[in-house]
Amino acid sequence: MAVSHSFDAKRVVRPNIRNLVPYRCARDDYSEGILLDANENSYGPVFQVSITESKDGNGKLQIESQADAQQLHRYPDPFGREVKQRILKLRPSIPGIDNVFLGVGSDEVIDLLVRIICQPGKDAVMITPPTYGMYKVVASINDVDVVKVPLVVEGGSFQLDVDAVIEAALGNPAIKIIWLCSPGNPTGTYLKEADVRKVLESGFGGVVVIDEAYVDFLRPDKGESYAKLVGEYPGLFVMQTMSKSFGLAGIRLGVGIGGSEIVGYLNNAKAPYSVSTLSLDVAKAALSDESVEKMWRVVASIADQRDSYLIPELKQLPHVGGIIGGNDANFVLCRFVDSEGAVSNKIAKELYEEMAENQGLVVRYRGSDYGCEGCLRITVGTIDENKIVIDTMRKLLNAIP
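Residues numbered from 1 in each chain as written. Predicted model: local features only at pLDDT ≥ 70, side-chain atom pairs only at ≥ 80, totals over all residues. Heavy atoms only, no water.

Visitor: Residue-level account of the nonpolar core, with values.
Guide: Grouped together as the largest cluster of nonpolar side chains are 88 residues, with contacts concentrated most on Ile-178, Leu-314, Phe-336, Ile-378 and Met-393. Examining the composition of this core, we find that eight residues originate from one element, helix H10 (residues 289-315), more than from any other. (Core = buried A, V, L, I, M, F, W, Y, C linked by side-chain atoms within 4.5 Å. Buried < 20%, exposed > 50% of the residue type's maximum accessible area, 1.4 Å probe, protein only. Helix = DSSP H or I, 4+ residues; strand = E, 2+ residues; numbered from the N terminus.)

Written as structure tokens, this is what we have:
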């Protein structure tokens, strides 16, 4: 297969980042022995310290460390190497540990990519609405323009307008990043591999980023992670997260997968020790063989609830015009219509507000997003939660003429 060789990381990354001498952490050099190099508190966490009066009666305190194996008084591995090794086992198509970056949630990865690649006030990024809102927010924060090339939304397909994407990317040299979301948010749709490859082979010299927060919910017969293409396309960067399939939104751990040069620049630009020991330890536990097996079983249960219960039950409710998108994630995008069959933002918005304010049931209103008029995004919950969703919506929608 012909692969574009137009990508050159040194040409894409900002000159000041290329020339950056990164901060060198104490743990970059040594991590064993009597560690007196990083001005840590050698006694350990205060809640694990034992304090008694000195036995010789001199009034001094006798402090004894009872720090456990977690070693919270020590700075963590700045690169999270043990976690990365387990990610390689989970995603065996990744070439090696130098192709993996860890960030404080995917949002930090998004921000760092813009900061190392885009010149403020000069460069631009491309987004394909409807899509994740943080791409635009991060661009605005960093004074970077946003070029919009909407997805094809007719029939709820939510696929790339490939020719328009390529034309815009090649016709505007200011565009340095193309943000793709697969499966999309809020679309829940996996982007076709043939379309993704066309973009990667178009001659675009910037970075194509594919956000795969929901990829584990994708049915195997429909596709797989685009991490498999990282070794083939040096200009591809894939983002994943521990927040969704692993149920670890609270530890804020995002994963970036790409060429070793881009990962190296990200490591140089990130804050030292940015991912905490607590987050790394939880991630290691979640990425054990036993926990990964549990993750796949939970994911299968969520997908079954999505396909066998939530979607068919929603379709039976009054004023539901359909479930749109690919349903390749842990949520569904439900469209509402009025009594004449016309798409209704009014019904969707009022239903959303009534459920949140008076029914103790919170979903997400997406009617303002391009191609999502009249839509609510509903996360697939537990079996009991899904039944509450259907019962509550049935009651409220039956009351609407």
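Visitor: Explain the packing of aromatic side chains to me, using residue names and the numbers behind them.
Guide: What the rule picks out here adds up to six aromatic pairs. Arranged with centres 4.9 Å apart and planes meeting at 0 degrees, the rings of Tyr-135 and Trp-179 form a pair that is stacked. Within this pair, whereas Tyr-135 is found in helix H5 (residues 134-141), its partner Trp-179 is found in strand S6 (residues 175-181), the two being separated by 44 residues in sequence. Of the two residues, Tyr-135 and Trp-179, neither departs from the other in class, the shared state being buried. (Phe/Tyr/Trp six-rings, centres within 6.5 Å; stacked < 30°, edge-to-face > 60°.)

Visitor: How would you sum up the sheet that holds strand S10 (residues 320-324)? Please name residues and give values.
Guide: Taking strand neighbours across the sheet as the criterion, the four strands line up as S10-S11-S13-S12 in an open arrangement whose pairing is antiparallel. The open sheet terminates on both sides in strands that have one partner only, identified here as S10 and strand S12 (364-365). Pairing of S10 with strand S11 (residues 331-336), which is carried by four bridges, proceeds in the antiparallel orientation. When the sheet's bridge partners are listed, Val-320 is paired in S11 with Phe-336. In the packing of helix H11 (residues 345-358) onto the sheet, the strands contacted are S11, S12 and strand S13 (375-379), and the crossing angle to S13 comes to about 40 degrees. (Pairing = 2+ DSSP bridges. Contact = heavy atoms within 4.5 Å. Axes fitted to C-alpha atoms, helices over the stretch in contact; angles between N-to-C directions.)

Visitor: Can you explain the pairing of strand S7 (residues 207-211)? Please cite residues and give values.
Guide: For S7, a buried count of five out of five residues is recorded, marking the element as mostly surrounded by other parts of the structure. The alternating pattern of S7 places Val-207, Val-209 and Asp-211 and Val-208 and Ile-210 on opposite faces, both of which are buried. Here S6 runs beside S7; their pairing, made up of five bridges, is parallel. Residue Ile-177 lies in a different strand from S7, and its bridge partner there is Val-207. For the handedness criterion, the β-α-β arrangement of S6, helix H7 (residues 193-200) and S7 is classed as right-handed. (Right-handed = clockwise from strand over helix to strand, strands pointing away.)

Visitor: Before we move on, can you summarise a nonpolar patch on the surface with the specific residues and values?
Guide: Taken together, the side chains of Tyr-43, Ile-51, Leu-61 and Ile-63 define a hydrophobic patch exposed on the protein surface, amounting to about 380 Å² of accessible area. Position of Leu-61 among the secondary structure elements: in strand S2 (residues 61-65). A relative accessible area of 52% means that Leu-61 is categorised as exposed. (Patch = residues over 30% accessible without salt bridge, like charges linked within 9 Å, V, L, I, M, F, W, Y side chains within 5 Å. Areas by Shrake-Rupley, 256 points an atom, 1.4 Å probe, with all protein chains shown as cover. Salt bridge = Lys/Arg side-chain N within 4 Å of Asp/Glu carboxyl O.)

Visitor: Quick rundown of the pattern of salt bridges? Include the residues and the values.
Guide: By the definition in use, this model includes 27 salt bridges. For Lys-10, the salt bridge identified is with Glu-261, shortest N-O distance 2.7 Å. Separated by 251 residues along the polypeptide, Lys-10 in helix H1 (residues 9-12) and Glu-261 in helix H8 (residues 260-269) bring together distant segments of the chain. Here Glu-261 falls in the partly exposed class, since its relative accessible area comes to 37%. Connected through shared salt-bridge partners, Glu-193, Arg-197, Glu-224, Lys-228 and Glu-232 make up one network.

Visitor: Please set out the environment of Ala-168 residue by residue, giving values where relevant.
Guide: Here Ala-168 lies in helix H6 (residues 162-171). Separated by 20 residues in the primary sequence, Ala-168 and Lys-148 place their C-alpha atoms 9.1 Å from one another. Setting aside residues up to four positions removed in sequence, Ala-168 forms contacts with Met-126, Val-149 and Ile-175.

Visitor: So, H6: which residues are in play, and what are the values?
Guide: For H6, the complete set of buried residues consists of Val-162, Val-165, Ile-166 and Ala-169. The arc enclosing the buried residues of H6, seen along the axis, measures out at 95 degrees, which places them on a common side. In H6, those exposed residues whose orientation departs by more than 90 degrees from the buried face are Asp-163, Glu-167 and Gly-171. Check the buried side of H6 and you find it contacts strand S4 (124-127), S6 and H7. (Arc of directions from axis to C-beta.)

Visitor: Give a description of H7 that names residues and reports values.
Guide: For H7, the set of buried residues is Asp-195, Val-196, Arg-197, Val-199 and Leu-200. Of the surrounding elements, those touching the buried residues of H7 are H6, S6, S7 and strand S8 (236-241).

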